[in-house]
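For reference, the chains in residue letters:
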Amino acid sequence: MAATLCSKLLPKQGWLPLTQSVRHGSKAVTRHRKPLHIQKQKLLAVTQYIPPAREFPPGAYPSQTKHVQEDNDLTLLMKRELKKLFEDCKMIAVVQNSSSSAEDMMTLRHRLYKHNITVKFFPNKVVRSFLSDSIYCNMGPLFVGPTVMFVSKEPKVKEMLTTLRGSPQMTLLGACVDNTLLSAQGIVSYSKLPSMTVIQGEVVSGLSMLTSHTAYLLQRHPAHLSQLLQQYIKQQSSDGSAEAAPKAEEAT
Amino acid sequence: MAAPSKATVVLKAVKKITVQFCPFESNVRSTREFLALVGSEKARTTNMNCEVIPVVKHDKSEPVVDITYVDGEKLLMKGANLTSSEMLSAFQSRCVAKDPQAKVGEKK
């Protein structure tokens with residue numbers, strides 16, 4: 001700008017203008033907000049964005065079309081693993097750990113591994129979406145916050161409870177044992193159940209008790225009669241032997 | 001869920017915290033998050049005498065957090081309609097009120 005001014009106002013060499021205005025012209029990139037040129041200001045004012053008027057705020061009503069997100073490959077892999085896990089393992093327990101240091105986790109895992117219980121971590125979203133499709137949908141609300149899954153092929157509830165008692169920060173929320181959903185108290189009562197053989201023996205004895213009672217009632221009368229007859233025979237034989245003995249003494 | 005302003009929870013003035021909830025209900029999320037924050041390793045190292053006791057029930061009861069302070073005062077928070085950050089801020093404001101000297105000492 002100074003150069004163009006100079007070229008117009010200085011036709012002859014060495015002629016300085018009468019007034020020299022010192023322009024305070026800022027550069028393009030300034031630290032302060034440069035005031036916009038009036039033309040640019042007008043343009044921006046005219047082309048300002050006016051959003052469409054909404055009748056209701058955006059979060060007030062639920063959206064009509066549910067945006068279904070496609071599962072990416074990692075999610076599919078984890079879902080397949082979860083499916084295999086649910087098929088293989090008879091016992092799946094859900095535990096919340098408010099905190100554990102790495103060492104606590106290691107000791108816990110070691111203790112559980114002795115009883116063939118593995119500790120699994122899965123992201124809650126994946127687990128929830130998997131469970132809502134499968135038959136275990138009622139386990140969904142358990143998977144909130146920092147959760148860990150203990151899975152095992154055999155339902156070893158008692159050992160798991162004793163191990164968890166050792167670590168205070170683990171909270172047992174629920175378990176799915178033999179496709180049955182159990183709460184915390186349910187797990188405790190399950191652990192107190194006796195083994196299968198004992199229960200079978202109890203059932204068999206309870207059923208056979210009735211039949212044995214019936215048989216006893218039927219046989220009561222003849223048994224009583226036979227007892228009385230035996231008693232009579234004994235008395236007779238003792239009288240007979242008592243008579244025979246004095247007779248033998250008389251004879252001799 | 002946005003994390004609360006202070007990452008560490010100071011439990012110096014607290015004797016016992018009982019967190020009671022039913023995991024199959026849908027309104028326990030904030031209570032569980034509160035438990036996760038309060039029961040964390042960092043929080044527990046601030047006061048080894050403080051006990052954090054989670055109780056898991058199955059009777060459709062409301063989630064309740066019962067805090068007993070060292071001077072005998074009790075704070076009962078019903079977490080059904082509260083967010084975890086609200087619960088934490090209420091709890092921490094009372095802790096700070098109880099134990100301002102320790103807090104001021106830390107800040108200095």
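Up top is the structure.
Scope of this entry: the structure provided in the associated data block. (Residues numbered from 1 in each chain as written. Chains lettered and ligands numbered in written order. Predicted model: local features only at pLDDT ≥ 70, side-chain atom pairs only at ≥ 80, totals over all residues. Heavy atoms only, no water.)

### A look at the overall build of chain A
What counts, and what does not: By the criteria applied, helices consist of DSSP H or I runs no shorter than four residues and strands consist of E runs no shorter than two, each listed in order from the N terminus. Buried residues are those whose accessible area, probed at 1.4 Å on protein chains only, stays under 20% of the maximum for their type, while exposed residues exceed 50% and partly exposed ones sit between those limits. Contact criterion: two residues are considered in contact whenever any of their non-hydrogen atoms come within 4.5 Å of each other. The method behind every accessible area is Shrake-Rupley, applied with a 1.4 Å probe, and residues are considered shielded solely by the protein chains displayed.
The secondary structure content of chain A amounts to eight helices and five strands. Shown N-terminal to C-terminal, the secondary structure of chain A runs as helices and strands in the order α-α-α-β-α-β-α-β-α-β-β-α-α. Out of the 252 residues in chain A, the part that is buried amounts to 23%. For chain A, restricting intrachain contacts to residue pairs at least 6 apart in sequence, the fraction spanning at least 24 positions comes to 75%. Element-wise, carbon and sulfur atoms account for 59% of the exposed surface of chain A, whose accessible area totals about 20,000 Å².

### Section: empty space enclosed by the protein
All names here are of chain A. Rule in force here: Method remark: on a 1 Å grid restricted to protein atoms, a set of points is classed as a cavity if a 1.4 Å probe fits but cannot get out and as a pocket if it is open with protein on both sides within 12 Å along at least five of seven lines; lining residues have an atom within 4 Å of a point. Grid points are joined across faces, edges and corners, and a volume is the space filled by probe spheres set on the points. Each residue receives one of three labels: charged for Asp, Glu, Lys and Arg, nonpolar for Ala, Val, Leu, Ile, Met, Phe, Trp, Tyr, Cys and Pro, and polar for the others, Gly being one of them.
Counted according to the given criterion, the structure contains two cavities of 30 Å³ or more. Considering the residues around the second largest cavity, the lining is formed by Lys120, Phe121, Phe122, Asn124, Val127, Phe143, Thr147, Val148 and Met149. Every element with two or more residues in the lining of the second largest cavity is listed here: helix H5 (124-133) and strand E3 (147-152). Counting residues per element, the lining of the second largest cavity draws most heavily on E3, at three residues. Here the lining of the second largest cavity is composed, by residue class, of six nonpolar, two polar and one charged.

### A few points about unusual backbone geometry
A negative phi angle characterises most non-glycine residues, just as the trans form characterises most peptide bonds. Residue and element names in this part refer to chain A. A positive phi angle, near 55 degrees, is found at Asp178, a position not held by glycine. Its location among the elements puts Asp178 in the loop between strand E4 (170-177) and strand E5 (180-182). Phi is positive for Asn179, which is not a glycine, with a value near 60 degrees. Among the structural elements, Asn179 can be located in the loop between E4 and E5. Since its relative accessible area comes to 56%, Asn179 is described here as exposed.

### Some thoughts on the packing of aromatic side chains
Residues and elements named next belong to chain A. This is how the line gets drawn: Aromatic rings from Phe, Tyr and Trp, with only the six-membered ring used for Trp, were paired whenever their centres fell within 6.5 Å, and each pair was classed as stacked if the ring planes differed by under 30 degrees, edge-to-face if by over 60, and tilted otherwise.
Per the counting criterion, the structure on display carries four aromatic pairs over all chains. Centre to centre, the rings of Phe86 and Phe130 are 5.7 Å apart; their planes meet at 45 degrees, and the pair counts as tilted. Of the two residues, Phe86 sits in helix H3 (residues 73-88) while Phe130 sits in helix H5, which places them 44 residues apart along the sequence. These aromatic residues form a ring-pair network of at least three members: Phe86, Phe130 and Tyr136.

### Section: the sheet that holds E4 of chain A
Residues and elements named next belong to chain A. For the record, the criterion: Two strands qualify as a pair provided that DSSP identifies no fewer than 2 bridges between them. Interaxial angles span 0 to 180 degrees and are taken between N-to-C directions of axes, which are lines fitted to C-alpha atoms, for helices over the stretch in contact.
Reading across from one edge, E2-E3-E1-E4-E5 is the order of the five strands in this open sheet, with antiparallel pairing throughout. Every other strand in the sheet has two partners, leaving strand E2 (117-120) and E5 as the edge strands with one partner each. Between one strand and the next, the sheet's axes are offset by a mean angle of 25 degrees, whatever the strand orientation. The sheet contact formed by E4 and E5 spans three bridges and is antiparallel. Bridging across to E5, Cys176 finds its partner in Leu181.

### Points about the nonpolar core
Which entries qualify depends on this criterion: By nonpolar core is meant a set of buried Ala, Val, Leu, Ile, Met, Phe, Trp, Tyr and Cys residues that side-chain atoms within 4.5 Å join together.
Counting residues in each nonpolar core, the largest one holds 46 residues, and the members touching the most others are Met139 of chain A together with Val14, Ile17, Phe34, Ile67 and Phe91 of chain B. If we ignore the near neighbours within four places in the chain, the residues touching Ile17 of chain B are Leu11, Val38, Cys50, Glu51, Val52, Ile53, Val65, Asp66, Ile67 and Phe91 of chain B. Formed by 20 residues, the second largest nonpolar core is a distinct cluster that contains Val148, Met170, Leu172 and Val177 of chain A.

### Some thoughts on a nonpolar patch on the surface
The condition that has to hold: Here the term patch refers to residues with relative accessible area over 30% and no salt bridge, with like charges joined within 9 Å and nonpolar side chains (Val, Leu, Ile, Met, Phe, Trp, Tyr) within 5 Å. By definition here, a salt bridge exists when the distance from a side-chain nitrogen of Lys or Arg to a carboxyl oxygen of Asp or Glu is within 4 Å.
Where nonpolar side chains cluster on the molecular surface, the patch consists of Ile199, Val203 and Leu207 of chain A and spans about 260 Å² of accessible area. Tracing the chain through its elements places Ile199 of chain A in helix H8 (residues 196-251).

### Quick notes on the interface of chain A and chain B
We count it as follows: Once two parts are joined, some of their accessible surface, as seen by a 1.4 Å probe, is lost; buried area is that loss totalled over both. What qualifies as a polar contact is a pair of N or O atoms within 3.5 Å, subject to a donor-acceptor requirement within protein and to the restriction that residues adjacent in sequence count only when both atoms come from side chains.
Between chain A and chain B, the residue contacts involve 22 residues of the former and 16 residues of the latter. Each partner contributes to the roughly 1,500 Å² buried at the junction of chain A and chain B, and carbon and sulfur atoms together form 59% of this total. Applying the counting criterion to the chain A and chain B interface returns zero salt bridges. Inspection of the region where chain A meets chain B yields three residue pairs in polar contact (both at pLDDT 80 or more). When residues of the side of chain A that touches chain B are traced back to their parent elements, those giving at least two are E4, E5 and helix H7 (184-191) of chain A. Tallying contributions element by element places E4 of chain A first for the side of chain A that touches chain B, with three residues. Considering only residue class, the side of chain A that touches chain B consists of nine nonpolar, 11 polar and two charged.

### A short note on the pairing of strand E4 (residues 74-78) of chain B
Residues and elements named next belong to chain B. Residues Leu75 and Met77 line the buried face of E4, whereas the alternating positions Lys74, Leu76 and Lys78 sit on a face that is not buried. In the sheet, strand E3 (residues 64-69) pairs with E4 via five bridges, with the strands oriented antiparallel. Residue pairing in the sheet places Thr68 in a bridge with Lys74 of E4. Count of turn residues in the E3/E4 antiparallel hairpin: four residues, of which Gly72 carries a positive phi of about 95 degrees.

### Looking at helix H6 (residues 157-166) of chain A
Residue and element names in this part refer to chain A. Where we set the bar: Directions drawn from the helix axis to the C-beta atoms are what define this arc.
Listed in full, the buried residues belonging to H6 are Val157, Met160, Leu161, Thr163 and Leu164. In a view along the axis of H6, the buried residues occupy a sector of 165 degrees, so they form one face of it. Residues of H6 that are exposed and angled more than 90 degrees away from the buried face: Lys158, Arg165 and Gly166. Residues of H6 that are buried sit in contact with strand E1 (91-97), helix H4 (102-114), E2, E3, E4 and H7.

Limitation: the analysis is restricted to geometry and does not speak to function.
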